[in-house]
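Descriptive analysis of the structure
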Amino acid sequence: PPGTPAPPPQPGALTVAGEASEAVLGGLQPWSRYRLQVLVFNGRGAGPPSAEIRFHTPEGGEDP
């Protein structure tokens, strides 16, 4: 119904190759706030999560 707030977004995961030094997050919405943590997996399992990174997207879309 109108006026009903949207449910909070669900956590997601992005997997990148071990040689990667950067990654691009797709599907972010304009004028939104996000929290990000990095977690490393190897043959021995998962490492501890990084400190939380908080960021927001600008209104109107992506910058080049």
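Residue numbers run consecutively from 1 along every chain, following the written order of its sequence. Where local features are concerned, this predicted model is filtered to residues with pLDDT of at least 70; where side-chain atom pairs are given and counted, the filter is 80 or more; whole-chain, interface and lining totals use all residues. Heavy atoms throughout the structure, all of them, feed into the side-chain values; hydrogens and water do not.

Under an unreviewed UniProt entry, the chain has the name NGCA protein and belongs to Panurus biarmicus.

**Focus on the pattern of salt bridges**
Salt bridge, as used here, is a side-chain nitrogen of Lys or Arg placed within 4 Å of a carboxyl oxygen of Asp or Glu. For the coordinates displayed, the defined rule picks out one salt bridge. Where arginine 54 meets glutamate 52, a salt bridge forms, and the shortest distance between an N and an O atom there is 2.9 Å. Accessibility here uses a 1.4 Å probe with only protein chains present; expressed as a share of the type maximum, an area under 20% marks a residue as buried, one over 50% as exposed, and anything in between as partly exposed. For glutamate 52, a relative accessible area of 36% puts it in the partly exposed group.

**A few points about a nonpolar patch on the surface**
Surface patches are drawn from residues lacking salt bridges whose relative accessible area is over 30%; two like charges belong together within 9 Å, two nonpolar side chains (Val, Leu, Ile, Met, Phe, Trp, Tyr) within 5 Å. Method for areas: the Shrake-Rupley scheme with a 1.4 Å probe, in which residue coverage is limited to the protein chains shown. Together, Leu14, Val16, Leu25 and Leu28 give the surface a local cluster of nonpolar side chains, amounting to about 310 Å² of exposed area. Mapping leucine 14 onto the fold places it in the segment before β1 (33–36). Helical segments are the DSSP runs of H or I of at least four residues, strand segments are the runs of E of at least two, and each set is numbered from the N terminus.

**Topic: the side chain of threonine 57**
Residue placement: threonine 57 occurs in the segment after β4 (53–56). When residues no more than four places from it in sequence are discounted, the contact partners of threonine 57 are Leu28, Gln29, Pro30, Trp31, Ser32 and Tyr34. By definition in these notes, contact holds between two residues if any of their heavy atoms fall within 4.5 Å.

**Quick word on the packing of aromatic side chains**
Stacked, tilted and edge-to-face pairs are distinguished by plane angle, under 30 degrees for stacked and over 60 for edge-to-face with tilted covering the rest, among Phe, Tyr and Trp rings (Trp via its six-membered ring) whose centres lie within 6.5 Å. Applying the stated criterion across every chain, the model contains one aromatic pair. On the basis of an interplanar angle of 20 degrees and a centroid distance of 5.5 Å, the ring pair of tyrosine 34 and phenylalanine 55 is categorised as stacked. Pair noted here: tyrosine 34 is in strand β1 and phenylalanine 55 is in strand β4, with a separation of 21 residues, a long-range link. The exposure class of phenylalanine 55 is partly exposed, given its relative accessible area of 27%.

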